[in-house]
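Observations on the model geometry
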Amino acid sequence: EGGWVFFGLMGLAFGIAFALLSLFRLLRLPDAPPLVSTRWSRLLRQSEFPAPEIREVRQLLDSESRAEELEHQLFGKFRRRTVFAFVLISAAPLLGLLGTVSGMFSTFDGLATARGNAPVDVISGGISEALITTQTGLVIAIPTFIVCSLLKAEGDRLRTSFRRLASAARTPEPTSTSA
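Residues numbered from 1 in each chain as written. Predicted model: local features only at pLDDT ≥ 70, side-chain atom pairs only at ≥ 80, totals over all residues. Heavy atoms only, no water.

1. Observations regarding the nonpolar core
Judged by nonpolar contacts, the single largest core of 38 residues is most densely connected at Trp 40, Leu 44, Val 57, Phe 162 and Leu 165. Broken down by secondary-structure element, the contributors of at least two residues to this core are α1 (3-26), α2 (40-44), α3 (51-60), α4 (64-113) and α5 (118-170). Tallying contributions element by element places α4 first for this core, with ten residues. In this view, Leu 165 contacts Trp 40, Leu 43, Leu 44, Phe 49, Ile 54 and Val 57; residues no more than four positions away in its chain are not counted. (Core = buried A, V, L, I, M, F, W, Y, C linked by side-chain atoms within 4.5 Å. Buried < 20%, exposed > 50% of the residue type's maximum accessible area, 1.4 Å probe, protein only. Helix = DSSP H or I, 4+ residues; strand = E, 2+ residues; numbered from the N terminus. Contact = heavy atoms within 4.5 Å.)

2. Quick look at a nonpolar patch on the surface
A grouping of Met 104, Phe 108, Leu 111, Ile 127 and Leu 131 is seen on the molecular surface, where their side chains present a nonpolar patch of about 450 Å² in accessible area. Broken down by secondary-structure element, the contributors of at least two residues to the nonpolar patch are α4 and α5. For the nonpolar patch, the leading source of residues is α4, giving three residues. With respect to the helices and strands, Met 104 occurs in helix α4. (Patch = residues over 30% accessible without salt bridge, like charges linked within 9 Å, V, L, I, M, F, W, Y side chains within 5 Å. Areas by Shrake-Rupley, 256 points an atom, 1.4 Å probe, with all protein chains shown as cover. Salt bridge = Lys/Arg side-chain N within 4 Å of Asp/Glu carboxyl O.)

Right, dumping it as structure tokens:
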């Protein structure tokens, strides 16, 4: 009953689902360089960083530009796909609104051409098309916006943790001196 726009909304819903699954997968930091004895995502989720891992990261981050390059390697794709997911999510209510307009066109077109008792059927069909697409667009957009916001918050938290780790790794190790 949603007309041709309903099929577009279903395609959009699958695209959004794929984008959100992609974001979830990227939170595991699949493009991270090897780090001996631990994994990046587990390390970045800790509140305190163990000294052996800081030494390993210090070896990876031999300069400020290397730290920025590694941050881009770890989080660049996540940031780009987050923007893409939000664009897709924003399109859902707009596509639902297009269905509303399409349904109203059907309603008015039916009114213009119908005779007798048929206008009631035409009106109800057009209004049904308009309401279903509007509702579907909102049902797609609201929960996926919440999920995408939660994934973005987790990505931001990991990125902040990486910056803390990079800062700790750039801090020189205390040297022990014996007198």
